[in-house]
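Summary of structural features
What follows is the residue order along each chain.
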Amino acid sequence: FSFSVSMFLNTLTPKFYVALTGTSSLISGLILIFEWWYFRKYGTSFIEQVSVSHLRPLLGGVDNNSSNNSNSSNGDSDSNRQSVSECKVWRNPLNLFRGAEYNRYTWVTGREPLTYYDMNLSAQDHQTFFTCDSDHLRPADAIMQKAWRERNPQARISAAHEALEINEIRSRVEVPLIASSTIWEIKLLPKCATAYILLAEEEATTIAEAEKLFKQALKAGDGCYRRSQQLQHHGSQYEAQHRRDTNVLVYIKRRLAMCARRLGRTREAVKMMRDLMKEFPLLSMFNIHENLLEALLELQAYADVQAVLAKYDDISLPKSATICYTAALLKARAVSDKFSPEAASRRGLSTAEMNAVEAIHRAVEFNPHVPKYLLEMKSLILPPEHILKRGDSEAIAYAFFHLAHWKRVEGALNLLHCTWEGTFRMIPYPLEKGHLFYPYPICTETADRELLPSFHEVSVYPKKELPFFILFTAGLCSFTAMLALLTHQFPELMGVFAKAMSDIFCSAEFRDWNCKSIFMRVEDELEIPPAPLSQHFQN
């Protein structure tokens, strides 16, 4: 067999070796490029993922897992519940307007700022907040119930106009049966508030147009709310209508306050938010206090900001980047104008400076992605409509609105720049153990990639090491490329080397027999005892 292989190799020309090494280098390079792209996009190795998904069951991995399933079912269910709670996606309390802001960005840049997953979550929110089981009793609400499920924006807008027209026609048809005044009957049958909401969100191209539509929605929604409030105790159906009308009214008032904030009427926006929080104190799902904090920071009303934080920065309440970083900003404001890292290293930190540094460390531990945006180490994009707490999406949403507030406080960004990286020395293993919060969730990268557009480079914490297969393919590509270059430059020498290596590998099976025969032949000719010879061979 070895003789036939040698004869075959002797017939090969140097061009064969050049083609062989060049092809190997090209294939390994393509695998390397694909692995690197897949790792940057999905955060894992494609070869490793395929191996775990398809090869492990063939090697018996499923049997082992199934045998241990009965012993670890409770633990698995607990870990699944923890993973779901960690990866819960929240409505962005500072989300922009689709028609007046997101669509304008698309018209200018040609890029889509919202992902399909994000918009699908918004559609689910609208169906939850703005619909109820009794919508089929009113034609306009029945149309809007279908409109919230539409994927095509133009179809949704057309459905909203249809709902308004149906309500108008219905009121005019019933006029002769009740009274001779058309205006009185239109007031008796108010227009569909949710139709105005959809038009204000998606059709209005400016904030001023959206505000006008929201004001019309407020008139219709307020009338529905007052009527359903009187009938809410007459049955479960009326109770569901009242809950829906409450959600609609709160949403309209909150968006009107946000319109006032966008148009520069900040004090009016603050008053509207305070009144809304007093009127509906139990509706915390909209997180109106985060809108209030941002507006108060714009007014530089830091005492009012501290009062709001005293109420919502509680250990029993869920945290957010807005809460943690606003608390850090207020404490940094007290010392940032006189802070100097050189002076602090000589004399040590004062009590106020220590409190500010601890507040920054607390904020960075909660969301480590924010400082890079505040320090402008990463470029900002438009925030999504939904965010993942402690993730990159929340960091973008916070920095998009609060970067100006940090710049307004003299020295605040300098203090953040000097101290934020010290947080990572306090939590060297963030996925296993936290310091002031729970360990950092491992699912943020996957969820953020679904929420954020593809042109944005998702911030990952903690940084992942390169998978083994990327390093392996990189080494293989480099080695084969070097062989291809040497074979092209020195074809005869590399041909001799390849033949020698093939002879060595082909004769490997006879290596032990050859060694024994050589030893015996040497012992017979030199008459040397076996022990010294073997000892000499070992040396």
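Below is a short write-up of the structure. (Residues numbered from 1 in each chain as written. Predicted model: local features only at pLDDT ≥ 70, side-chain atom pairs only at ≥ 80, totals over all residues. Heavy atoms only, no water.)

Let us look at the overall build of the protein chain. Assigned secondary structure in the protein chain consists of 29 helices and two strands. The 539 residues of the protein chain split such that 42% are buried. Approximately 30800 Å² of the protein chain is accessible, and the part contributed by carbon and sulfur atoms is 58%. (Helix = DSSP H or I, 4+ residues; strand = E, 2+ residues; numbered from the N terminus. Buried < 20%, exposed > 50% of the residue type's maximum accessible area, 1.4 Å probe, protein only. Areas by Shrake-Rupley, 256 points an atom, 1.4 Å probe, with all protein chains shown as cover.)

This part covers helix α16 (residues 288-298). Extensive coverage of α16 is indicated by the burial of ten of its eleven residues. Those residues of α16 not exposed but buried are I288, H289, E290, N291, L292, L293, E294, A295, L296 and L297. Of the surrounding secondary structure, the elements contacted by the buried residues of α16 are α14 (236-262), α15 (266-279), α17 (302-312), α18 (321-333) and α22 (392-408). A positive phi of about 60 degrees marks Q300, the residue just after α16. (Contact = heavy atoms within 4.5 Å.)

Before going further, it helps to spend a moment on the nonpolar core. One recurring pattern in soluble globular proteins: nonpolar side chains tend to sit buried together. Counting 96 residues, the largest nonpolar core has M144, I197, F214, Y325, L374 and W406 as its most contacted members. Contact partners of F214, with chain neighbours within four places excluded, come to F97, I197, A200, E201, Y251, I252, R255, L256 and C259. Among the nonpolar cores identified, the runner-up in size contains six residues, and L94, L96, L114 and L382 belong to it. (Core = buried A, V, L, I, M, F, W, Y, C linked by side-chain atoms within 4.5 Å.)

Enumeration over the complete set of coordinates arrives at three cavities of 30 Å³ or more. What lines the largest cavity is a set of 15 residues, among which P93, E290, T322, I387 and E394 lie closest to the centre. The dominant element in the lining of the largest cavity, judged by the number of residues it contributes, is α22, at three residues. Taken together, the residues that form the lining of the largest cavity break down as seven nonpolar, four polar and four charged. As for the second largest cavity, its lining consists of R91, N95, L96, R98, S122, H126, E201, E202, Y251, R255 and E385. Elements supplying a minimum of two residues to the lining of the second largest cavity: α7 (116-130), α12 (193-203) and α14. Taken together, the residues that form the lining of the second largest cavity break down as two nonpolar, three polar and six charged. (1 Å grid on protein atoms, 1.4 Å probe; cavity = no way out; pocket = protein on both sides within 12 Å on 5 of 7 lines; lining within 4 Å. Points joined across faces, edges and corners; volume = space filled by probe spheres on them. Nonpolar A, V, L, I, M, F, W, Y, C, P; charged D, E, K, R; others polar.)

Secondary-structure assignment places R91 in strand β1 (residues 89-91). A distance of 3.1 Å separates polar atoms of two side chains, one belonging to R91 and the other to S122. If sequence neighbours within four positions are ignored, R91 has contacts with S122, D125, H126, Y251, E385 and H386. (Polar contact = N/O pair within 3.5 Å; in protein donor to acceptor, adjacent residues only side chain to side chain.)

This part takes up the packing of aromatic side chains. Any pair of aromatic rings gets described here by the distance separating the centres and the angle formed by the planes. Within the structure shown, the criterion is met by ten aromatic pairs. On the numbers, 5.1 Å between centres and 75 degrees between planes, the contact of F130 with Y251 is edge-to-face. Of this pair, F130 sits in helix α7 while Y251 sits in helix α14, placing them 121 residues apart in sequence. Residues F130 and Y251 agree in their burial class; the two are buried. What links up through ring pairs into an aromatic cluster is the set W420, F424, Y440 and Y461. Above the ring of W90, the side-chain terminus of K389 is found at 4.1 Å from the ring centroid. (Phe/Tyr/Trp six-rings, centres within 6.5 Å; stacked < 30°, edge-to-face > 60°. Lys NZ or Arg CZ within 6 Å of the ring centre and 35° of its normal.)

With that settled, consider the environment of A321. Along the polypeptide, A321 turns up in helix α18. For A321, a relative accessible area of 0% puts it in the buried group. Put simply, A321 and F366 are 45 residues apart on the chain and 7.1 Å apart in space, counted from C-alpha to C-alpha. Setting aside residues no more than four positions away along its own chain, A321 makes contact with T326, F366, N367, V370, E394 and Y398.

A few words on unusual backbone geometry. You will see that E376, though not glycine, has its phi angle at about 60 degrees, which is positive. With respect to the helices and strands, E376 occurs in the loop between α21 (370-374) and β2 (386-388). Residue classification places E376 among the exposed residues on the basis of a relative accessible area of 52%. Despite not being glycine, R390 has its phi angle at roughly 75 degrees, a positive value. Assignment of secondary structure puts R390 in the loop between β2 and α22.

Moving on: the pattern of salt bridges. With the rule as written, the count across this model stands at 22 salt bridges. In this structure, D141 engages R138 in a salt bridge whose closest nitrogen and oxygen atoms are separated by 2.7 Å. Take D141: its relative accessible area is 11%, and that puts it in the buried class. As a salt-bridge pair, E268 and R265 come within 2.6 Å of each other at their nearest N and O atoms. A relative accessible area of 37% means that E268 is categorised as partly exposed. Within the structure, one salt-bridge network assembled from shared partners comprises R98, R156, E202 and E385. (Salt bridge = Lys/Arg side-chain N within 4 Å of Asp/Glu carboxyl O.)

Right, let's talk about the packing of α18 against α22 for a bit. Across the interface, α18 lies against α22 with an axial gap of 10 Å and an inter-helix angle of 25 degrees. Between α18 and α22, the angle is such that the two are roughly parallel. For the element pair α18 and α22, the recorded crossing hand is right-handed. Within the contact between the two elements, α18 uses A321, T322, Y325, T326, A328 and L329 and α22 uses E394, Y398, H402, H405 and W406. Tallied by class, residues from the contact of α18 with α22 come to six nonpolar, four polar and one charged. (Axes fitted to C-alpha atoms, helices over the stretch in contact; angles between N-to-C directions. Parallel < 35°, antiparallel > 145°, perpendicular 65-115°, else oblique. Left-handed = near helix turned anticlockwise from the far one by under 90°.)

On to the environment of F280, then. Its location among the elements puts F280 in the loop between α15 and α16. The buried category is assigned to F280, whose relative accessible area is 10%. Sequence-wise, F280 and T246 are 34 residues apart; in three dimensions their C-alpha atoms are separated by 9.0 Å. When residues no more than four places from it in sequence are discounted, the contact partners of F280 are Y225, T246, L249 and V250.

Mapping E101 onto the fold places it in helix α6 (residues 98-109). A residue is classified by how much of its surface remains accessible, and E101, at 18% relative accessible area, is buried. In this view, E101 contacts L96, I207, R262 and L382; residues no more than four positions away in its chain are not counted.

The grouping of F479, M482, L486, F490 and L493 at the surface amounts to a nonpolar patch, some 500 Å² of accessible area in total. Here the nonpolar patch takes three residues from helix α26 (residues 468-489), the largest share from any one element. Structurally, the position occupied by F490 is in the loop between α26 and α27 (491-506). (Patch = residues over 30% accessible without salt bridge, like charges linked within 9 Å, V, L, I, M, F, W, Y side chains within 5 Å.)

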